[in-house]
Amino acid sequence: MPLRFLLLIGLCLAACKSSEPEKPEPEDTSAVERIVALPRSADLPKGKLLRTSREADFEAMRADLVEADLVYVNLATGLEGGDLLPRTMLDQLFGFGRLHGIAFDIFDRTHQDALNEFSFARIGLGELLARTGVNPGAYRPLLEFAGEKRLPVIALDLEPRIVATLRESGFKGLTEAERRSVSPATLRNPGFTEAVRRHLKRLRAGGGDEQAFQRELLAADLRYETMADALVRWFRSAPKDAQVVVVADAFAIANRHAIPDRVKRRAGKHAVVVVQVAETEIADRIHNRAHADYVWLLPGKGE
């Protein structure tokens, strides 16, 4: 076939192709964009997301989540679907690539060796729970996620025995070795003191004698210092851009005098606090800048 004829056919084909309507570019499915799909990627419970005192949406939360070094979130136990938001956040943040660890307040520091073996898949979840004696309850799916992804799991809390001694007898009730093992309380201030006092009054429907309160305050101080210390030590050996999700009770993360400010004081890490509460609760005591970045109000009545 003559070369001139072949060239003519090629020009015709090119002209036909250029006259076809352009196909749209495929949708960006990067990890950042998958964060936007967070509320649609699971059957999340109906609720309202607030940022400070204004209504927000998950797209508004996206940038904060992916940029944070620490993401604090609680499980809304007793509320239907109260575990779905943390589970979805973990899945999305892992997809983004920065998530390198999950910290839990249901484990104390004596459990860390067993947690390390679990993270390296040397033991399974059943053996981990048998060795630690922890009943995971609603935390189980999050632990299963950590095991599946082989993410480091960080124990946060003080041993229950030490906490009980502090509440009963104060610092003098500890042995010398126990005194040396706890992180010193260095963030005592009026804001934290009053927050603990209000929290205890809600739990006990009343007050108590001042000496008992001071012992409770000391126990809370040392617990949160220990939790902050565990996170700071983890960051020292983690990759530079590592992110950790902290799953703890609402008071520990919502009150900025508890864990978040203590970590920030020591390590200067950027944090986002997401608190889940029942919509029937008095929300303005939580969803302000001093306590949380985002509040997820769930239908139902809290415990």
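Parameters at a glance
- Residues numbered from 1 in each chain as written.
- Predicted model: local features only at pLDDT ≥ 70, side-chain atom pairs only at ≥ 80, totals over all residues.
- Heavy atoms only, no water.
- Helix = DSSP H or I, 4+ residues; strand = E, 2+ residues; numbered from the N terminus.
- Buried < 20%, exposed > 50% of the residue type's maximum accessible area, 1.4 Å probe, protein only.
- Lys, Arg positive; Asp, Glu negative; His and termini not counted.
- Salt bridge = Lys/Arg side-chain N within 4 Å of Asp/Glu carboxyl O.
- Polar contact = N/O pair within 3.5 Å; in protein donor to acceptor, adjacent residues only side chain to side chain.
- pLDDT = per-residue confidence, 0-100.
- Contact = heavy atoms within 4.5 Å.
- Phe/Tyr/Trp six-rings, centres within 6.5 Å; stacked < 30°, edge-to-face > 60°.
- Lys NZ or Arg CZ within 6 Å of the ring centre and 35° of its normal.
- Core = buried A, V, L, I, M, F, W, Y, C linked by side-chain atoms within 4.5 Å.
- Axes fitted to C-alpha atoms, helices over the stretch in contact; angles between N-to-C directions.
- Parallel < 35°, antiparallel > 145°, perpendicular 65-115°, else oblique.
- Nonpolar A, V, L, I, M, F, W, Y, C, P; charged D, E, K, R; others polar.

Notes on the side chain of Asp 105
Inference 1: With respect to the element layout, Asp 105 can be found in strand β4 (residues 99-108).
Inference 2: One buried charged residue, Asp 105, remains without a salt bridge, the closest side chain of opposite sign being Arg 223 at 5.4 Å.
Inference 3: Separated by 2.9 Å, the side chains of Asp 105 and Tyr 139 make a polar contact.

Points about the confidence of the model for the protein
Inference 1: A residue-level look at the protein finds 73% of positions with pLDDT of 70 or above and a mean pLDDT of 78.
Inference 2: No element of the protein has a lower mean pLDDT than helix α2 (residues 31-36), at 33, and none a higher one than helix α6 (residues 125-132), at 98.
Inference 3: Within the model, pLDDT remains below 50 along residues 1-44, and this stretch shows 34 contacts once partners closer than five positions in the same chain are excluded.

Section: the packing of aromatic side chains
Inference 1: In total, this model carries five aromatic pairs according to the counting rule given.
Inference 2: Taking the centre distance of 6.3 Å and the plane angle of 75° together, the rings of Phe 104 and Phe 107 count as edge-to-face. Like Phe 107, Phe 104 is buried.
Inference 3: With a centroid separation of 5.9 Å and 65° between ring planes, the pair formed by Phe 104 and Tyr 139 is classed as edge-to-face. One end of the pair, Phe 104, is in strand β4; the other, Tyr 139, is in the loop between α6 and α7 (140-149), with 35 residues separating them in the sequence.
Inference 4: Three or more aromatic residues link up through ring pairs in this structure, and these residues are Phe 104, Phe 107 and Tyr 139.
Inference 5: Above the face of the Phe 213 ring, Arg 197 is positioned so that its terminal group lies 3.9 Å from the ring centre.

As for the nonpolar core
Inference 1: Residues Ile 102, Phe 104, Phe 107, Leu 128, Val 245, Val 247 and Val 274 are the most contacted members of the largest nonpolar core, which totals 42 residues.
Inference 2: Excluding anything up to four places from it in sequence, Ile 102 contacts Leu 90, Leu 142, Phe 145, Ala 146, Leu 151, Pro 152, Val 153, Ile 154, Val 244, Val 245 and Val 247.

Examining the packing of helix α5 (residues 112-119) against α6
Inference 1: At a closest axis distance of 10 Å, the pairing of α5 and α6 adopts a crossing angle of 180°. With respect to α6, the element α5 is oriented roughly antiparallel. Contact residues: Ala 114, Leu 115, Glu 117 and Phe 118 in α5; Leu 125, Leu 128, Arg 131 and Thr 132 in α6.
Inference 2: Looking at the contact of α5 with α6, its residues break down into five nonpolar, one polar and two charged.

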